[in-house]
Structures are given as C-alpha cells and as structure tokens.
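Fold and contact review
Listed below, chain by chain, are the residues.
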Amino acid sequence: MKVISSGFIVGDRIVSLAFSTHPDWSAGFGRRNGFSFVGASAIGKLHLRDGKGREDCFLIRSRGDWLLLLVADGVGSARLGGWGATLAVAFFAEELLSMLSVEEGETILFERRRPRGHDLSLSFPVVGEGVGTLSWYRPVKYKESAHPIDEKECIAWVTNAFEKTHRFLLGIAQKENCSPGTLATTLLGVLFHTSSKKGVAFQLGDGLILEVTRKESRPVVVGREFEVGETAVLTQSNWQEWYQVAHFTWHVDTKAVLLMTDGVADDCLYGPPHDLLHRFGSDIVKELKRFKNEEVVACRLVDWLGHYKAPASFDDRTLLALYR
Amino acid sequence: MEEEVIMDVTLSQGLRHLPVYLLLDTSGSMTGAPIQAVQEGLVLFKREVEKDTFARETVWVSIIVFGREVLNLTQGLVPIDSLEIPSLEAGGYTPLGGALRLLIDSLDRDVKKPVRGGEKGDWKPLVFILTDGKPTDDWKSPRNELLMRKERKVLNVITVGCGPDIDETTLREIAIGPSFKMDADSASFAAFFRWVSQTVKSVSQSVSQPQGENIPTPMPIPPDVLQYIP
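So, how was this worked out
Residues numbered from 1 in each chain as written. Chains lettered and ligands numbered in written order. Predicted model: local features only at pLDDT ≥ 70, side-chain atom pairs only at ≥ 80, totals over all residues. Heavy atoms only, no water. Helix = DSSP H or I, 4+ residues; strand = E, 2+ residues; numbered from the N terminus. Expected span 1.5 Å × (residues − 1). Buried < 20%, exposed > 50% of the residue type's maximum accessible area, 1.4 Å probe, protein only. Contact = heavy atoms within 4.5 Å. Axes fitted to C-alpha atoms, helices over the stretch in contact; angles between N-to-C directions. Parallel < 35°, antiparallel > 145°, perpendicular 65-115°, else oblique. Left-handed = near helix turned anticlockwise from the far one by under 90°. Nonpolar A, V, L, I, M, F, W, Y, C, P; charged D, E, K, R; others polar. Phe/Tyr/Trp six-rings, centres within 6.5 Å; stacked < 30°, edge-to-face > 60°. Lys NZ or Arg CZ within 6 Å of the ring centre and 35° of its normal. Salt bridge = Lys/Arg side-chain N within 4 Å of Asp/Glu carboxyl O. Patch = residues over 30% accessible without salt bridge, like charges linked within 9 Å, V, L, I, M, F, W, Y side chains within 5 Å. Areas by Shrake-Rupley, 256 points an atom, 1.4 Å probe, with all protein chains shown as cover. Lys, Arg positive; Asp, Glu negative; His and termini not counted. Charge placed at Lys NZ, Arg CZ, Asp CG, Glu CD. Core = buried A, V, L, I, M, F, W, Y, C linked by side-chain atoms within 4.5 Å. Pairing = 2+ DSSP bridges.

Residue and element names in this part refer to chain A. For helix α3 (residues 151–175), with 25 residues, the first-to-last C-alpha span of 36 Å sits near the 36 Å given by 1.5 Å per residue. Residues of α3 that are buried: Cys154, Trp157, Val158, Ala161, Phe162, Glu163, Thr165, His166, Leu169, Ile172 and Ala173. Next to the buried residues of α3 lie β6 (66–73), α2 (81–100), β9 (187–193), β10 (198–204) and β13 (243–249). Downstream of α3 by a residue or two, asparagine 177 has a phi angle that is positive, lying close to 60 degrees.

Printed below as a string of structure tokens:
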C-alpha cells in the first residue's frame, strides 16, 4: 500500500438530532489536481418564513486523487428529512471512501500559507452584517487500498454504499422509534478521479447532475422522470428501482459538472426560454470563472442561491460545481 | 465598503400552478341556507388563500357546479386573485357524472405536464367534491377514467357529504383519497371551506413527496365538524 495524499472534508456534517444545527447558508470550496470545486446551500423562503431549518445539505470529500461530491434533499414532508439528508451524505461518503482507502491515522499539520492576494471583502447581505463562519476539518493521511479505475468496480462500490446507507437509515429510524419515511432524503453525487479524469455519477430522486460543455449542457445521469411534486428517496424499500448510475469522463470540451437539488434544478430544467438548460449552464460557468479565488466564487454562489428570484421557487437551494 | 454580489444567470420564467377544483352540488335540496352557506364559503376560501404570499403565486381555481345544469363557472382554471365568486343557484338533480366529465376536460386542457427543455408542469390537482345527496347520473365511468389517467394524474379527490341524505358508501366509492361527512349548517360549511383553504395553502408550499409513486398529498387534520368516513 502506498501512502496517498491527504483527504479533506467540506460541507455539512451531522451534529445533533435534538434540534437543527445546520447553518442556514453554507458554502465550501477547494482545489485538487487542477480541478476547482465550490459548493453552496441556501435555506428556502418557506423554511425561513416558517422558522424551520435548511433541509438540503452537501458534502465534498477527497481521498488522494479522488473527489466525492454529494448533495441531498431531505424531503419536506418528512419530519426529520433534513437530518436524514445529513446522515445520508455523511454515512455514504464514509462508506464509499473506506472502499478506496484506509486511514493511516496521522494528522497532517497545517502549513501556514500566504493568502492568495485577493481581498475577500465580501460581506454576506443575507445576514445584513459581515457575519459568518469559516471552518475546516483536519486533513488526514490515507493508504490506498483500491486501484482506480475499473468502471465496473466503481459502480459496484457506489451501489454497495447506497445499500449500506439505506440500511443505516432504516436502523436509525428503528432506534429512534420512527418510520423510515421520517428520514426521507434524495442523494446525488459524483465520484471523480482527478488524475484519470474518470468517475461515476449517481442519482436517487429528483435534482440534476449536469455536464456543461461549450456547445451544450446535458444531464450526466438521465434519471427517472418524476411528475411534479414526486421524488424517490433512499428510505423506500424499492430504492433500487429509482437509482441511476453512469460512467463519467471529463472530456476536452467539458467546462464544468454541476450537481443540484430540485430547488435549483426546477429553475433550470423547465422553460421558457426554450434553451434554458444550456443558458443556465453556460452562465454558471461564466460566473465560476469570473474570479480565480474559489473562496470568492463560493461566497458569490451562496449569496446568489439565497437571493435569486424565479416564479414559485421557494425550496432550499443547493449547487455544487466541479470545474477547471 | 459592502459590495453587492450579483450573479447573472438565466433562470426559468415558467410558472408552476396548483390546480384546485371545487365541484359543488347545487341540486334542489341545497336550496336556501345551504347554498347561501356555500356561497359565503367561497368568499372565505378566496380571502384565506389570497392572504398567503406563496399560495397566491401558485393556486389556480376552477368551480364546477352540478344541479339543474352542469357548468364550469370559471371556464377553466383562473388565478386565485382573479377569481370572481359566482352567484350560485340551487335546483334540479345531482348529476355528479357530468361534473366529473367537465373536470376531465379541464385537466386535459388546462393542466400542464412537465416537459424537459419545455415548460414546467403543474402540481397534481386537488379536487374537492361537496354534495348533499346521491348522484343521479353515471358517475362510475368518469371516475374510472380519472383513476386510470397516466398523465396529469389526479390523486386527491376528497368527497364531503353534508346533511342527512348522504350515502356514505357512494361517497367513499367516488373519492380518490379521504371522505368526510358533516352537518348542513352554516358553521359546518364555514369550517369546511376554512379547511379547504388550509389544505390548499399547505399543498402549495409542499415540496416533493417521497416514494416516487402514486400517493395522495398529505393534508392538514380536518376540523371536528368533518367526520372521517372509514
């Protein structure tokens, strides 16, 4: 086994069942092997009005050359949907990454580095004051235990992690003496190997994983079509019937891959205008590349998610982007 | 100095509607206080739903009456803030089957299904049927058509019977979802329309339902005056 580079964690993690510990607005960012990534999640207008917490969540983790990007939408009608979503991404990531590598247990000490020379003077208008939190989990060294990239094996890992996460959620529901549907959540993600530029994308439930190229923007996973107001969730017994997984290769003309929950997907999948999806994808890429500093991009992204106006768009909004 | 952060991203301009159908019995037996109470209930319904910012943006309503005539009084679905409360008149029999036919026509004509790359689809319609008697025409065929629809599906047909002449078994058979019974006094009608308003507001703000299957939309607990028919 060789020691591979460190892993990091960015995004939402479980803290408490007793009450919502999600920040209402959350953003993360980073870079690995020439790929940049940002993620942001903003509470929806309805949850704000009703004094509820954000039920979307996201998580970005790495192991060596691997990047794992996950979004989940805790279903609004489920009592603990937001908690279910956070549990799902945390457990799923742990399961999947443990198939790729094992922790060596050595914490890497932070190296102090100079700021990149940008003045990050953005305040966060949602709050109205320059208030916010930046936090990091310590990076840890890992030993590689799997050899990329066997596409079939990747799909098997992902499917296995889904199955285990499904069982985990059922176990939690039993322990908490509630029905599994109480923790109902979707789960979408991309497992991407930054050196070989290959990976898999997977989706259970509504939302969208979108590849943006110069000429077009297309769903990476052609998921099941849902009627409005319906979705599939990880806690349902027949989740496999709704689960979609596909190989993914970063082509020369790929500009970005975007993952989003339905709060954003519903605002770009259906027009008018008739070419909305590509316009949306191209505009997002343009905005991602407007600033070189991912911190700035992440701040702008969460601010935009918290503020943009679209007809009858009230849900939590989460968007992750992987780009070069 | 604060910097305003604006991203310039093209977004959907399509509006998603929640279609709400009120099928109201205006047969002869509703003459007098009951029809007056229904009329007042409609005013209350409009006022309550309009008050809600989110519902006001999404709720579209159609009022179909069945009595001496079967009419779609709103000529299809209209935005809640444009809804003009029609003047109701009672008379004739109880042709519920005809009303269901008008409902099907409107579902086909006025409710949009989602088309990727095309327009946003509407939410699944909510259908409330209020009657004080037994249907006097063939209601089973159109009811089966509703049940078998593959697109623009209807999963919520709530029946409410009022007064002493209702047939609980028939009410239950008509419904796709729960059935209730209540008295035919003005307080009961007011409570019914208040519950309809709450249901509409609640559904207009609901996000996706789990299962990806055909399950009815969860609704607020009805008031005491509405007794569930098992």
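Now, onward.
Now for the environment of A:Leu320. Position of A:Leu320 among the secondary structure elements: in strand β15 (residues 317–323). Separated by 280 residues in the primary sequence, A:Leu320 and A:Ala40 place their C-alpha atoms 6.4 Å from one another.

This next bit is on the packing of helix α1 (residues 33–51) of chain B against helix α6 (residues 186–204) of chain B. Helix packing for two helices is described by the angle between their axes and how far apart those axes are. Residue and element names in this part refer to chain B. Put simply, α1 and α6 touch, their axes get as near as 8 Å, and they point 30 degrees apart. With respect to α6, the element α1 is oriented roughly parallel. For the pair α1 and α6, the crossing hand works out as right-handed. Residue-level inspection shows Pro34, Ala37, Val38, Gly41, Leu42, Leu44, Phe45, Glu48 and Val49 of α1 in contact with α6, the latter providing Ser186, Phe189, Ala190, Phe193, Arg194, Val196, Ser197, Val200 and Lys201. Looking at side-chain class alone, the contact of α1 with α6 contains twelve nonpolar, three polar and three charged residues.

The next subject is the packing of aromatic side chains. Tallying each qualifying case throughout the model produces 19 aromatic pairs over all chains. Their ring planes at 85 degrees and their centres at 5.7 Å tell us that A:Phe162 and A:Phe202 sit as a pair that is edge-to-face. Linking A:Phe162 in helix α3 with A:Phe202 in strand β10, this pair joins segments that are 40 residues apart in sequence. Between A:Phe248 and A:Trp250, the ring centres sit 6.4 Å apart and the planes meet at 80 degrees, which makes this aromatic pair edge-to-face. Here A:Phe248 and A:Trp250 have matching classes, each one buried. Against the face of A:Tyr308 rests A:Arg317, its NZ or CZ located 3.5 Å from the ring centre. Above the plane of the ring of B:Trp123 lies B:Arg16, whose end atom (NZ or CZ) is 5.8 Å from the centre.

To continue, consider the pattern of salt bridges. A full pass over the atoms with the stated rule returns 21 salt bridges over all chains. Two residues, A:Asp283 and A:Lys286, come together in a salt bridge whose shortest N-O distance is 3.8 Å. With a gap of three residues between them, A:Asp283 and A:Lys286 both fall in helix α5 (residues 276–288), about one helical turn apart. One network of salt bridges, with partners in common, ties together A:Arg49, A:Asp50 and B:Asp52.

On the surface, A:Arg214, A:Lys215, A:Lys255 and A:Lys289 cluster together to form a positively charged patch. By secondary structure assignment, the location of A:Lys289 is in the loop between α5 and α6 (294–307).

This paragraph deals with the nonpolar core. Counting 39 residues, the largest nonpolar core has B:Leu22, B:Leu24, B:Phe45, B:Phe128, B:Leu130 and B:Val200 as the members making the most contacts within it. For this core, the secondary-structure elements that each account for two or more residues are β1 (18–26), α1, β2 (59–67), β5 (126–131), β6 (156–162), β7 (179–182) and α6 of chain B. Among all residues touching B:Phe128, those that are not within four sequence positions of it are B:Val20, B:Tyr21, B:Leu22, B:Leu23, B:Ile158, B:Phe192, B:Trp195, B:Val196, B:Thr199 and B:Val200. Core analysis: the next-biggest nonpolar cluster, separate from the first, contains 38 residues, A:Leu68, A:Trp157, A:Leu187 and A:Leu191 among them.

Once that is clear, we can look at the environment of A:Thr235. Residues and elements named next belong to chain A. The topology assignment puts threonine 235 in the loop between β12 (217–219) and β13. Linking threonine 235 and leucine 169, residues 66 residues apart in sequence, is a C-alpha distance of 6.6 Å. Leaving out residues up to four positions away in the same chain, threonine 235 has contacts with His166, Leu169, Leu170, Pro180, Gly181, Leu183 and Ala184.

Another point: the sheet that holds strand β11 (residues 208–213) of chain A. Residues and elements named next belong to chain A. Spatially, β3-β4-β15-β14-β11-β12 is the arrangement adopted by the six strands of the open sheet, whose pairing is antiparallel. Single-partner strands in this sheet number two, and they are β3 (25–32) and β12. Here the strands of the sheet are splayed against their neighbours by 15 degrees on average, with no regard to which way each runs. When β11 meets β12, the two strands line up antiparallel, connected through three bridges. Bridge pairing in β12 links leucine 210 to proline 219. Lying over the sheet, α6 contacts β3, β4 (35–42) and β15, oriented at roughly 30 degrees with respect to β4.

Moving on to the pairing of β10(A). Residues and elements named next belong to chain A. Burial analysis of β10 places six of its seven residues in the buried class, the great majority of the element. Alignment of β9 against β10, held across seven bridges, turns out to be antiparallel. Bridge assignment links histidine 193 to a residue of β10, and that residue is lysine 198. Between the end of β9 and the start of β10, which pair antiparallel, lie four residues, with lysine 197 showing a positive phi angle near 60 degrees. With seven bridges connecting them, β10 and β13 associate as antiparallel partners. Counted as the bridge partner of phenylalanine 202 is valine 245 from β13.

With that settled, the discussion passes to the pairing of β3(A). Across the two faces of β3(A) the burial differs, with A:Ser26, A:Gly28, A:Gly30 and A:Arg32 buried and A:Trp25, A:Ala27, A:Phe29 and A:Arg31 not buried at all. Linking two consecutive strands that pair antiparallel, namely β3(A) and β4(A), is a turn of two residues; a positive phi of about 50 degrees is found at A:Asn33 within it.

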